[in-house]
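# Examination of the molecular architecture
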Amino acid sequence: MSNQLHSLMNTQLTNWTVLYTKLHNFHWYVKGPHFFTLHEKFEEFYTETATYVDDIAERLLTIGGQPVGTLKETLKMATIQEANGSEKADEMVQIILDDFKIIAKDIETLLEAAEEAQDEETGDLFLGIKATLEKNMWMLQAYLG
């Protein structure tokens, strides 16, 4: 299997790992009139994200890769940033939307690499993730107006 594909998958893995923690932060610290809606939505997102972290790592192992498994490596490799802890509710939504856009764009490159490597299973995994991301991005955009 291609080292490029393994690297792209590890970037996805690290981004989802950072996002998992960020979503917990936002879930715990969201305040304001949309608390109940956002508190619940952030929990839904981090539950979904936990599944992606596990699925990506297991797929990487299945195809002979080595998933990034430390926070130090994760923060070094991820292309999205941690929460800073002072975000307001609408900022949280915008940040998640922006992160989803970065991850979805990176999936495009990964899908090409999976196709070149003739790895339909990895392609299918990320096609499913991308479809869910697109739906979530639409919802977040609708929330922001």
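Look up a bit, the structure's there.
In short, a report on the structure. For clarity, every value in this text was computed on a predicted model and none was experimentally measured. (Residues numbered from 1 in each chain as written. Predicted model: local features only at pLDDT ≥ 70, side-chain atom pairs only at ≥ 80, totals over all residues. Heavy atoms only, no water.)

### Points about the pattern of salt bridges
Here is the rule: By definition, a salt bridge exists where a carboxyl oxygen of Asp or Glu is found within 4 Å of a side-chain nitrogen of Lys or Arg. Strands are runs of DSSP state E lasting at least 2 residues, helices are runs of H or I lasting at least 4, and numbering of each runs from the N terminus. Residue exposure (1.4 Å probe, protein chains only): buried if accessible area is under 20% of the type maximum, exposed if over 50%, otherwise partly exposed.
The final tally for this structure, using the stated rule, is six salt bridges. Measuring nitrogen to oxygen at the nearest pair gives 2.9 Å for the salt bridge that ties Lys41 to Glu44. In this pair, Lys41 and Glu44 are both assigned in helix α2 (residues 35-62), three residues apart and thus about one turn of the helix distant. Accessibility expressed as a relative area gives 39% for Glu44, which makes it partly exposed. Among the salt bridges present, the one from Glu121 reaches Arg59, with a minimum N-O distance of 3.9 Å. Of this pair, Glu121 sits in helix α5 (residues 120-144) while Arg59 is found in helix α2, placing the two residues 62 residues apart along the sequence. Among the ionic contacts, a cluster of salt bridges with common partners joins Arg59, Asp119 and Glu121.

### Let's talk about α2
The following threshold applies: One fewer than the residue count of a helix, multiplied by 1.5 Å, yields its expected span. The contact criterion used is simple: two residues touch if any of their non-hydrogen atoms lie within 4.5 Å.
A rise of 1.5 Å per residue sets the reference length of α2, with its 28 residues, at 40 Å; its end C-alpha atoms lie 40 Å apart and thus fit the reference within 8%. Residues of α2 that are buried include every one of Leu38, Phe42, Phe45, Tyr46, Thr49, Tyr52, Ile56, Ala57, Arg59 and Leu60, and no others. The elements touched by buried residues of α2 are α1 (3-29), α4 (89-116) and α5. Note on α2: the residue one or two positions beyond its end, Gly64, has a positive phi of about 90 degrees.

### Some details on the side chain of Asn136
Positionally, Asn136 belongs in helix α5. A relative accessible area of 2% places Asn136 in the buried class. Discounting chain neighbours no more than four positions away, the residues touching Asn136 are Phe45, Glu48 and Phe100.

### Remarks on the packing of aromatic side chains
Note the threshold: Aromatic pairs are defined between Phe, Tyr and Trp rings, using the six-membered ring for Trp, whenever the two ring centres lie within 6.5 Å; interplanar angles under 30 degrees are classed as stacked, those over 60 as edge-to-face, and all others as tilted.
Counted by the stated rule, this structure contains six aromatic pairs. When the centroid spacing of 4.8 Å and the interplanar angle of 65 degrees are considered together, the rings of Trp16 and Tyr52 count as edge-to-face. Placement of Trp16 in helix α1 and of Tyr52 in helix α2 is noted, with a sequence separation of 36 residues between them. Classification of Trp16 as buried rests on a relative accessible area of 1%. Overall, Tyr52 belongs to the buried group, its relative accessible area being 10%. Residues Trp16 and Phe100 carry aromatic rings whose centres are separated by 6.3 Å and whose planes lie at 45 degrees to one another, so their mutual orientation is tilted. Highlighted residues: Trp16 in helix α1 and Phe100 in helix α4, separated in sequence by 84 residues.

### Description of α4
Between the first and last C-alpha of α4 there are 41 Å, a value that for 28 residues agrees with the 40 Å anticipated at 1.5 Å per step. Two residues or fewer past α4, Gln118 is found with a positive phi of approximately 55 degrees.

### What to know about unusual backbone geometry
The backbone of Gln118 sits at a positive phi, close to 55 degrees, despite the residue not being glycine. Along the polypeptide, Gln118 turns up in the loop between α4 and α5.

### Side note on the packing of α4 against α5
When two helices pack together, you describe them by how their axes are tilted relative to each other and by the distance separating the axes. Which entries qualify depends on this criterion: All axes here are fitted lines through C-alpha atoms, helices being fitted over the stretch that makes contact, and every angle between N-to-C directions spans 0 to 180 degrees. Just so you know how the angles are binned, under 35 degrees is roughly parallel, over 145 roughly antiparallel, 65 to 115 roughly perpendicular, and the rest oblique. Note on convention: near helix rotated counterclockwise from far helix by under a right angle means a left-handed crossing. Clockwise means right-handed. Note on residue classes: Ala, Val, Leu, Ile, Met, Phe, Trp, Tyr, Cys and Pro are nonpolar, Asp, Glu, Lys and Arg are charged, and everything else, Gly too, is polar.
One way to put it is that α4 packs onto α5 with a least axis distance of 9 Å and a crossing angle of 155 degrees. With respect to each other, α4 and α5 are oriented roughly antiparallel. For the pair α4 and α5, the crossing hand works out as left-handed. Tallied by class, the residues present in the contact of α4 with α5 amount to 18 nonpolar, five polar and four charged.

In short, the description is geometric, and any link to function would need to be established separately.
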